[in-house]
Structure formats: C-alpha cells, structure tokens
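Here is how the chains run, residue by residue.
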Amino acid sequence: MKYQSNVEQHFFNKSNWDFPTTQIPYIIVDNFPQLGFLTALRFLEWVGDNPNGVVSLPTGKTPEYFIKWTQHLLSQWDSTESETLRKNNGLFLNRKPDFLQLKFIQLDEFYPIDPNQHNSFYNYGMNYYLKGFGILEKNALLINCDEIPRSSGKTLSEIFPDYIVDLTLRVRSAKTTLEEMQQKTIFMVDQWCSDYEQKIRNLGGIGFFLGGIGPDGHIAFNVRGSDVNSTTRLTGTNFETQAAAATDLGGIEISKNRLVITIGLDTITANPNATAIIIAAGEAKALVVKGALENKIDNRYPASVLQRLENARFYLTNGAAIALEDSQRRAFENSSWDQVKRERSFIRLCESSNTFGTRITIDDMKNDPFCAQIPDLYNETPISLVKSFKQKIDRGISREDGEIFLHTGPHHDDILLGYLPHVIHLVRSPNNRNVFVNLTSGFTSVTNQYLRSVLLKTKEFIENDLIQMMEYSDFFDKGYNEKWDKDIYHYLDRIASKNEEGQKRGLSHRIVRALVGTYSLKSKDDTVKAIDTIVKYLDDCYDGEKNTKNVQKLKGMIREFEEELVWAHYGVKVADIRHARLGFYTGDIFTENPQRGRDVQPILEMLREVKPTVITLAMDPEGSGPDTHYKVLQTIAEAIRLWSKEHDTSQVRIWGYRNVWYRFDAAEADIIVPVSLNSMSVLQDTFMNCYLSQKDASFPSYELDGPFCDLTQKIWVEQHQLMELILGRDFWYENEHPRLRAAHGVIFIKELTVNAFLDTARRLEKSMEGQIN
C-alpha cells in the first residue's frame, strides 16, 4: 500500500517500517524536530494543492518545530538550498504556496480570557499563524472572548468574578442578580458556539486539521469521554487537561476553574475528504497513541474518531509509538538480541502470564512468540535472566567510596525525585564528595501568589525589626552577600524545633538578601518600598503572564534556597550546591537552544574544577516533553566532550536517571536501588519541608493530583512490584541483606561510560541536524 502524498511516502520509506496494521496509518520519525519538519512539508504540500482550503492548526509547545520549519521554508523558498531540501524530502511544488485565500479556523480557547494576553490561543493564532504564515485576518474564524456576546454590556470580569463560570446555571434557576447575568451570558455563549459551528460547516468543513494529543488523549479540548458526535461548545475539562494547562494559566488553581470553548469531534471529521494529522512525541504519549490507533471509535479515545477519515494520519516519534503492537513486534523481530532485549522479552512474558520469573520454565519461553526468538535458548536461560536482575540490585546496594559525584538536575527537585534514597547512602561516606548543580533557575514553577505571600511576610518581619542583619552598617553595601549559609542553618534549626514562624523568618532573611542584590537597595525603607512595588506589580499581572527579568530572578532565588535546604539536610556544604542559571531558560513558550559560550562554558569550567568521577544527569534521549531536560542533556554532553579532550575520562561514569516525567524499564537499567519505607518518609519530609513553593502542587503531573513526591513514591512502588514479579516476593522478605528486606520500592539508574554517553549524544545530535532555532 502507498500513501497518496509524496511527502508522506518519502518519510514512510525513510522510516523502514512495514505499513501499519492500526485503524489509522502512522509515520515514524526519529525526534521532535523531525516531526515538525515532516508536518511542515505535508502542510505546504496540501496548501499548494488547496490554496482556497480551510485549515485548523494547534497551539502550545507541540507545534514548535512545525511553525519554525514552515516559516523557514516559506522565507527561504527561492534559495537553491531550500529547493534541494524540499525535493530531497518529497515536496515537489512548482511555486511557493499562496496563503492569501486560505481560510483559518481557531480550534479552541480558554473561557473567559483576555484575547490580548500572551497565553490566549487567540493571541497565539494571530502571532504564529496569521502573521507568521501570512494568512489574512478577514479569512479567519477566531475565538475572541471580547467579541463573544455577553449580558448587560458588562465586562467578563464583572460577569464572572475570578473568571469562574458555573455551568449548572444551564439547568437551574438563578438565585441572585449576578447569577441571572451569568446565566444569560452562558446561553449567549452557547448560541455563539452554535453559530461558529455553522460558519465552519458553511465553509465545507475543515480541509486540513493538525492537532496534538493530550495526556488523556484529547484533541482540541475534546477530553476523554467526549461525545464522538460533539460540535463546538463551552465545556469543562478533566484533571489531566487542567494539569497540562497549568503552566499556561499560572497554576492548577487557575486551570481547574477555567472553562474552554472547543470545536467538536464531529466538527473535525465533518468533511469526509479532510486531511487530519495528529502529532505526538515521547514515551509519555505512548499509551494514548496506542488507545487511539488500536481501538475502534470509542469516546474513551477521542482521536479514534479520525478513523472516519480516509486521509487521517498520526505522525509519531519512536518513543510515542513504543507501545503499539506493530512497534513491539518490530522490536523483537527486526533487531539483534542484546541483553536488554532478552530481559525485556522475559519481563513481557512474566507480565502477560502473571508468573513469577523464578517459575518461568524453558518450555514457557519456547511457547512465547517473542522469547522463542531468543538465540541459543537452553534450560538455564530463565535462571540466567533472573540472575541478571539480581546483579543489578547488587550494584544498587554496593558501597561507593572515594568518589567525586557531580549531581546535575535540569530543574530544582529533579535530583531528589530521581534518586534521593541513593544519594542518602552516597553522602554518608566522608570519603565521597558530592556536588549538586541545578542548570536552570526554575522560576516558572513559582506562582505569583506564592511570591506575593512570601514578600508580605518578609515586610511584616522587617517592620517588626525581626530581620536584624539589616541593622548592620555594612549590610546594604556588602553584608547582604555574606553568610548565605547561615540562612540555611537557621531554617533547618527551626525545622528541628518545629518552629514554623521561625522557618518563615529564615526564608525572609534569604528574600531580603535577594531583594537587596537584585534591586540594588540601600536601606530598610528602600526594601519595604521595593516589596510594595513588586506586590502591586504581581496584583496587576494576569494569570500566566510572563514576569519581568527581576521577578524571574527573585523566583529563581527562592528555588535555589529550597535546593540548598534539601542537600544541607544531609550535611552537604552550601558551597557545593551550585546554581548555573543557564541562559536558554527564558520562560518563553519556545525556548532558545543552548549556546556554547553562554551555556556550555560554565559547565565545562565546573567539570575542570570538580573533576568528577561520576556525573549524574536526567536522561531524556528523545527531546520531548519538558524540553529543558533535553536541552540540558545537550549542554552537558557538549561540556563533557570538550572536557574529555583535556582530561582522561576513561574511568568517569555517567549515571542517567528519570523521575516523574520519564521512566526507564527494568531492562534498560544497570543499577537497581532498593527503597525502604523510611526512605519514602524521608522523601516526603524533605520535599514538604524544603520545596516550600511546591507544596501546593500548583504545576502537577497529569498522572497525580498532588505534590511530585507522592507521584515519585508511586513510581518507586510500581517498579518494586515489577521486581517482585521477576524475582519472587520471597527474594525480598527472606533476603539476608537488611536493605532488601526493608525494600518496598526501587529506583532504576542507567550507567554509561563517557564514550558510550557521547556516542548516544552524537547520534542524537546527528538526528537533530537541520533544526531551526
């Protein structure tokens, strides 16, 4: 079978995959930027054939490289290099696509929201699609909340205080004058949605639909459970979608109360000739992709509705496709049988048969369609595979002594959530040195409301003369920049004595130092005035607004204080807790790529100074999801490559970890670290006492409505349950080693040599060639 699109056929041939057996065809690419490249080429191909067509395009981070590649190809259309690039990738157009007659349909929007805010999808569409691609505004159907009818000529904030819309007013009586106004407005919005739907139908429906897929499988804002015949409507969302939107809106506290206007599933599929494409990157999307592609049309899998369309496609990275049956078969049939693959097939057999690994026989393996393909199967194969997992656990409990560890984290809390129980054992040896470095300042995870509350408490302490260091004559000249570790000791002392007010005072000491340094303050009065000014600024910000650089810095310094608290818990010197503040981290929707001078050089200098024997890093090889992880990986890899030219790194080890965003499977892991109930309690205690800005889980994972420490514990427990299945429960509770008897969770770590890590990084770098900044 062949694809009608030359672009799709080219990328399908390039992938070397068999034609999909799923309900909807898909095409596999190596990585996130390539996903955008394929999508841009297919979009331009379609527009070239349909210059009067109707398109609906996505918002958020997912289309980043689609937008960048489309704009690049259009701006460089006449260059020889661009022509060669297009033709070499299946795009054969005689002339540049004409966007002047193209119709654009905005597919969704938060409601209510000011359309002028940078985080409104109206603003996104105007900037990236209408201005960015050259689509005329007169040819666009847009969801502008200011232009949607409402009752009594009032503003949206007057009608819906705090922007909370109560949809029960559709079916109950209004009890107050305000509710009457709200009820009328809701009905007016409902009518507007019906009119919007009819306008789309009058255009013949959507001709080219491009969308991402949410953590619950949603397309547009059609969340899991949406009617497959739904149309444009005002509706609520579910927790997974609210968690994903929390960053856009300034926290889950906002997103859980914000409604949306979305086109429906029937809106998307109304035109039977439509080209509909879903793009997905990363293993985090693997299960929702599987659900949409391997099931018949079902409201549990909103994207499954695209089966109605002959020209529906999924464009996927390898990670997003990993759970597909096609992908599983390909993995076991078409590649060599290394140890990872042997272990993976053994795990699969244990899980599918619900049999302890210690009870799997050679006959069980020969009768399994995947294990039967293992070369040189013999009677002891099951035992040898069980033994390989035990060896990984032995490495997890072996004593590391006389080592220099450089622990790196993209964000604050990544290291703690990744492998805290292992760190606890590493820091116990006085012969080990442990240096911790956070590569970004992490300001995006601190809400305006939290900063506001901290500033007001600091002001209260100042006005009551409880920040005594401000009284020293040299404090505002140089004293503010001395004895920062004293703030940490003060705070930890107050934890020990359970003095919550004292803890707040300890934090306020650090806030004062940060304010004086950031704003060049010269007196106590200046400090109070600065606090008042910042609080007013925060009060005037809309939810999710990008902060000024100074406020970003202030938020980042709060995160840095939190990280120092964590590792000082375990006796690490504050001087060994570093804050890199890499420059690519800006808080923009599309962040910059790392630069050698600005971002790589500081890490290289740290490697030269510390001379680590073990370097830990968050390992996200595909570069999807939180792209900070991928960009930090790029930066560290380049710094290590440069360092290896001047330093013998043959004995340096790289430990890759994952936490709440990604997970190694047990076969990938080289080190399995047991986690006791005590370590889980320590995790909870440390997280909740130190990560003060994160206790309320304003930016949670879509997997759990709560702080990240709870999700981390859940992951560790699930991984232990898998190891119980592989090794048998008696391996644990009857084990001679007390750490294994006490274990109720495990952590997976991947160990690489420097050369192996750089080979991986080089392969990734090669696959990313041609990405557009």
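Chemist: Please give an account of the environment of Glu310 that cites residues and values.
Modeler: Mapping Glu310 onto the fold places it in the loop between α11 (286-294) and β10 (311-317). Here the alpha-carbon distance between Glu310 and Ala276, two residues 34 residues apart in the chain, equals 9.1 Å. Not counting chain neighbours up to four residues away, the residues in contact with Glu310 comprise Gln4 and Pro272.

Chemist: Give me the lowdown on the packing of aromatic side chains, citing residues and values where you can.
Modeler: Counted according to the given criterion, the structure contains 33 aromatic pairs. With a centroid separation of 5.8 Å and 40° between ring planes, the pair formed by Phe43 and Phe133 is classed as tilted. Remark: Phe133 occurs in helix α5 (residues 121-133) and Phe43 occurs in helix α2 (residues 32-49); sequence separation between them is 90 residues. Phe43 gets classed as buried once you look at its relative accessible area, which sits at 0%. Take Phe133: its relative accessible area is 6%, and that puts it in the buried class.

Chemist: Give me the sheet that holds strand β13 (residues 577-579): which residues, what numbers.
Modeler: An order of β13-β12-β11-β14-β15-β17-β16 is seen for the seven strands of this open sheet, with the pairing classed as mixed. In the strand order of this sheet, the two ends are held by β13 and β16 (671-676), each with one partner. The mean angle between the axes of side-by-side strands here comes to 25°, regardless of whether they run parallel or antiparallel. Where strand β11 (residues 404-409) lies against strand β12 (residues 433-438), six bridges are found, and the strand directions are parallel. For Gly409, the partnering residue across the bridge sits in β12 and is Asn438. Docked against the sheet, helix α17 (residues 414-426) engages β11, β12, β14 (614-618), β15 (653-657), β16 and β17 (743-753), running at close to 165° with respect to β11. Packed onto the sheet, helix α23 (residues 596-610) meets β11, β12, β13 and β14 and runs at close to 175° relative to β12.

Chemist: Describe the confidence of the model for the protein chain, naming the residues involved and giving the relevant values.
Modeler: Chain-level pLDDT for the protein chain is 93 on average; 98% of the residues reach the 70-or-more range. In this model, residues 767-771 is a region of pLDDT below 50 whose contacts with residues beyond four sequence positions or in other chains number 14 contacts.

Chemist: Which residues make up the pattern of salt bridges, and what are the values?
Modeler: Under the defined criterion, the tally for this structure stands at 48 salt bridges. Of the charged contacts in the structure, one is a salt bridge between Asp487 and Arg510, with a shortest N-O distance of 3.2 Å. Here Asp487, found in helix α19 (residues 484-496), pairs with Arg510, found in helix α20 (residues 500-519); they are 23 residues apart in sequence, far enough to count as distant. On the basis of relative accessibility, which here comes to 3%, the residue Arg510 falls in the buried class. The partner of Asp540 in a salt bridge is Lys536, and the shortest N-O contact between them spans 2.9 Å. Pair noted here: Asp540 and Lys536 are both in helix α21 (residues 524-540), with a separation of four residues, about one helical turn. As far as the burial class goes, Asp540 and Lys536 line up, both exposed. Residues joined in a network through salt bridges with shared partners are Arg395, Glu400, Glu403, Arg653 and Glu751.

Rules used in this analysis
- The residue numbering used here restarts from 1 in each chain and proceeds along that chain's sequence as written.
- Where local features are concerned, this predicted model is filtered to residues with pLDDT of at least 70; where side-chain atom pairs are given and counted, the filter is 80 or more; whole-chain, interface and lining totals use all residues.
- Excluding hydrogens and water, the side-chain figures rest on all heavy atoms present in the structure.
- Under the DSSP-based scheme used, a helix requires at least four consecutive residues in state H or I and a strand at least two consecutive residues in state E, with every element numbered from the N terminus.
- By definition in these notes, contact holds between two residues if any of their heavy atoms fall within 4.5 Å.
- Centre distance within 6.5 Å is the pairing criterion for rings of Phe, Tyr and Trp, where only the six-membered ring of Trp is used; planes under 30 degrees apart are then read as stacked, over 60 as edge-to-face, and the remainder as tilted.
- Burial classes follow relative accessibility: with a 1.4 Å probe on protein chains only, a residue under 20% of its type's maximum area counts as buried, one over 50% as exposed, and anything between as partly exposed.
- At least two bridges found by DSSP between two strands are what make those strands a pair.
- A fitted line through C-alpha atoms serves as each axis, taken over the contacting stretch for helices, and the angle formed by two N-to-C directions is quoted from 0 to 180°.
- For every residue, the predictor reports its confidence as pLDDT, a number between 0 and 100.
- By salt bridge we mean one thing: a side-chain nitrogen of Lys or Arg within 4 Å of a carboxyl oxygen of Asp or Glu.

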